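What follows is the residue order along each chain.
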Amino acid sequence: QAQLVESGGGLVQAGGSLTLSCTADETIFSRYIMDWKRQAPGKQRESVARLLTVGAPEYSDDVAGRFSISSDNAKNTIYLHMKNLKPEDTAIYYCHADGTYVDRGTALDYWGQGIQVTVSS
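The structure displayed is predicted, hence computed values, not measured ones.

Peer 1: Whenever I open this one, the pattern of salt bridges confuses me. Can you help?
Peer 2: Proximity of charged atoms lets side chains of opposite charge pair with each other. Overall, the coordinates contain seven salt bridges when judged by the stated rule. With a shortest N-O distance of 3.0 Å, Asp35 and Arg50 are connected by a salt bridge. One end of the pair, Asp35, is in strand S4 (residues 33–39); the other, Arg50, is in strand S5 (residues 46–50), with 15 residues separating them in the sequence. Like Arg50, Asp35 is buried. Of the charged contacts, one joins Arg66 and Asp89 as a salt bridge, the two residues approaching to 2.8 Å between their closest N and O atoms.

Peer 1: I keep staring at the nonpolar core and nothing clicks. Help me out?
Peer 2: Within soluble globular proteins, side chains that are nonpolar tend to cluster in buried spots. Of all hydrophobic cores here, the largest spans 31 residues; its most connected members are Trp36, Leu80, Met82 and Tyr93. For this core, the secondary-structure elements that each account for two or more residues are strand S3 (18–24), helix H1 (26–29), S4, S5, strand S7 (67–72), strand S8 (77–82), strand S9 (91–98) and strand S11 (115–120). Setting aside its immediate chain neighbours within four residues, Leu80 contacts Leu18, Thr19, Leu20, Trp36, Val48, Ala49, Phe67, Ser68 and Tyr93.

Peer 1: How should the side chain of Asp89 be read in this particular structure?
Peer 2: Tracing the backbone shows Asp89 in the loop between S8 and S9. Within polar-contact distance, the side chain of Asp89 engages the side chain of Arg38 at 3.0 Å. Discounting chain neighbours no more than four positions away, the residues touching Asp89 are Arg38, Arg66, Phe67, Asn84, Val117 and Val119.

Peer 1: Please clarify how unusual backbone geometry should be interpreted in this entry.
Peer 2: Excluding glycine, residues mostly carry a negative phi; peptide bonds, for their part, are mostly trans. For Asp103, which is not a glycine, the phi torsion comes out positive at approximately 55 degrees. The phi dihedral of Arg104 falls on the positive side, at around 55 degrees, and the residue is not glycine. Mapped onto the fold, Arg104 is located in the loop between S9 and strand S10 (110–111). Given the relative accessible area of 83%, Arg104 is considered exposed.

Conventions used here
- Residues numbered from 1 in each chain as written.
- Predicted model: local features only at pLDDT ≥ 70, side-chain atom pairs only at ≥ 80, totals over all residues.
- Heavy atoms only, no water.
- Salt bridge = Lys/Arg side-chain N within 4 Å of Asp/Glu carboxyl O.
- Helix = DSSP H or I, 4+ residues; strand = E, 2+ residues; numbered from the N terminus.
- Buried < 20%, exposed > 50% of the residue type's maximum accessible area, 1.4 Å probe, protein only.
- Core = buried A, V, L, I, M, F, W, Y, C linked by side-chain atoms within 4.5 Å.
- Contact = heavy atoms within 4.5 Å.
- Polar contact = N/O pair within 3.5 Å; in protein donor to acceptor, adjacent residues only side chain to side chain.

In structure tokens, the structure reads:
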């Protein structure tokens, strides 16, 4: 059973914009740190943007200034707003619930199914 469900993604031209959504079960959304990761062909999965319980969100150097992560608590949903997309942004994007700080680090991680984002040059 899927606890995290992603939507959005698709094909966009370089310079365009795209928004991804991830809806989680309330029991997960209320307890976990949520983030977005991506994996390009032949490369390791990398962190893109992370929501924190306090303070400003964190971004990778590659996307800082172009991507923005946000949340709608009433909908148990996080978003990844992507602007000025580049061909190197092409990857499968994953929503992730990080269990590191849940139940003294014993909780399982949860993952969305992955969404393909393709940016054409």
